[in-house]
Amino acid sequence: SIIQIGYVILDTVSEEILLKRSLHVNIGVPLSNYIKKLTGITDEQVANGLSIEDAFQVVVNDSVAFGCLNPVVQWGSGDIEHLQYEANRVKFGRSGMNVKHLYQVWAEANGINTSGGLSKALSRIGIGWVSGRSHDALNDAENTARMYMHLRNLLKSVKS
């Protein structure tokens, strides 16, 4: 079950993050010790969180307010699809843009190891992790946005 939704809204022209938001989701049960240790999220945060449907509506409202329903940029695949499934809603199209795949293509083309997660990928590409602990949805979202913009700028600099 989704216990946290973290996202940023990014202006890809100025590369400025216009909005950062983290929402906790009340799943109605206590978290396992493993999940608490991995994410740093407490039972209290989840108990005081929104329903998945209300959290989804906040995401939609922010997206509409900033005019950015597509594309959803994510590290890996399945996050946006899982959110839409749990909220029993579809608003963001069929899938998100998988920045991990974009990184893997870049790394393979440059003879760089592609194993590992977002933190290792950021180090390998030379920009490093910022914004607190990993496995926090908002920190992951901000770092994914940074990776996306870095790779986009590398691609943009290639002229035919």
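The notes below deal with the structure included here. Throughout this description, residue numbers start from 1 for each chain and increase along the sequence as written. Residue-level local features of this predicted model are given only where pLDDT is at least 70; pairs of side-chain atoms are given and counted only at 80 or more, and the full residue set underlies all totals for whole chains, interfaces and linings. The side-chain numbers reported here are obtained from all heavy atoms of the structure, hydrogens and water having been left aside.

## A look at the overall build of the chain
For the purposes of this entry, the term helix denotes a DSSP run of H or I that reaches at least four residues, the term strand denotes a run of E that reaches at least two, and both are numbered from the N terminus. When helices and strands are counted, the chain shows 7 helices and 4 strands. When the elements of the chain are put in sequence order from the N terminus, they spell out β-β-α-α-α-β-α-β-α-α-α. All radius of gyration figures rest on C-alpha atoms, and the globule criterion is 2.2 Å times the number of residues raised to 0.38. Whereas a compact globule of 160 residues would reach a radius of gyration of roughly 15 Å, the chain reaches 16 Å, a difference of no more than 12%. Across its three principal directions, the C-alpha atoms of the chain cover 55 × 35 × 25 Å. When a residue's accessible area, from a 1.4 Å probe over protein chains only, is under 20% of the maximum for its type it is buried; when over 50% it is exposed; and in between it is partly exposed. The buried share of the chain, taken over its 160 residues, is 34%.

## Section: the packing of aromatic side chains
Here a pair means two rings of Phe, Tyr or Trp (six-membered ring of Trp) with centres within 6.5 Å. Their orientation is stacked below 30 degrees between planes, edge-to-face above 60, and tilted elsewhere. Under the defined criterion, the tally for this structure stands at 2 aromatic pairs. Taken together, a centroid distance of 6.1 Å and an interplanar angle of 45° make the contact between Trp75 and Tyr103 tilted. With a gap of 28 residues between them, Trp75 in the loop between β3 (73-74) and α4 (79-86) and Tyr103 in helix α5 (residues 99-109) connect regions that are remote in the sequence. An aromatic cluster is present here, built from Trp75, Tyr103 and Trp106 joined pairwise through their rings.

## Let's talk about the nonpolar core
Grouped together as the largest cluster of nonpolar side chains are 16 residues, with contacts concentrated most on Ile2, Ile5, Tyr7, Leu23, Val25, Ile52 and Leu83. Counting residues per element, the ones that place at least two in this core are β1 (4-11), β2 (16-24), α3 (52-66) and α4. Sorting elements by how many residues they give to this core places α3 first, with 5 residues. In contact with Ile5, other than residues within four places in its own chain, are Arg21, Ser22, Leu23, Val25, Ile52, Ala55, Val59, Leu83 and Ala137. Nonpolar cores were defined as sets of buried Ala, Val, Leu, Ile, Met, Phe, Trp, Tyr and Cys residues, with membership established by side-chain atoms within 4.5 Å. Counting 12 residues, the second largest nonpolar core, distinct from the first, contains Tyr103, Ala107, Leu118 and Ala121. Contact between two residues is taken to exist if any of their heavy atoms lie within 4.5 Å; hydrogens are not considered.

## Examining the pattern of salt bridges
Think of a salt bridge as a Lys or Arg side-chain nitrogen and an Asp or Glu carboxyl oxygen that are within 4 Å of each other. Counted according to the given criterion, the structure contains 3 salt bridges. For Glu142, the salt bridge goes to Lys20, with nearest N and O atoms at 3.2 Å. In this pair, Glu142 is assigned in helix α7 (residues 137-156) and Lys20 in strand β2, connecting sequence segments 122 residues apart. Of the residues examined, Lys20 reaches a relative accessible area of 47% and is grouped as partly exposed. With a shortest N-O distance of 2.6 Å, Arg21 and Asp62 are connected by a salt bridge.

## A short note on unusual backbone geometry
For residues that are not glycine, phi is negative in most cases, and the peptide bond is trans in most cases. Even without being glycine, Glu15 reaches a positive phi, approximately 65°. Tracing the chain through its elements places Glu15 in the loop between β1 and β2. Of note, His135 is a non-glycine position whose phi angle comes to about 70°, a positive value. Secondary-structure assignment places His135 in the loop between α6 (118-125) and α7. Given a relative accessible area of 43%, His135 falls into the partly exposed group.

## Side note on the pairing of β2
Where β1 and β2 come together, 8 bridges link them in antiparallel fashion. Note that in β2 the partner of Ile5 across the bridge is Leu23. Strands pair, by our definition, only if DSSP identifies at least two bridges between them. Taking the residues between adjacent antiparallel strands as the criterion, β1 and β2 are bridged by 4 residues, where Glu15 takes a positive phi near 65°.

## A word on the environment of Gly6
Within the fold, Gly6 resides in strand β1. The spacing of Gly6 and Asn139 is 133 residues in sequence and 7.6 Å in space, taken between C-alpha atoms. Setting aside chain neighbours within four positions, we find Gly6 in contact with Arg21, Ser22, Ala137, Leu138 and Ala141.

Everything listed here is a matter of geometry and, on its own, says nothing about what the molecule does.
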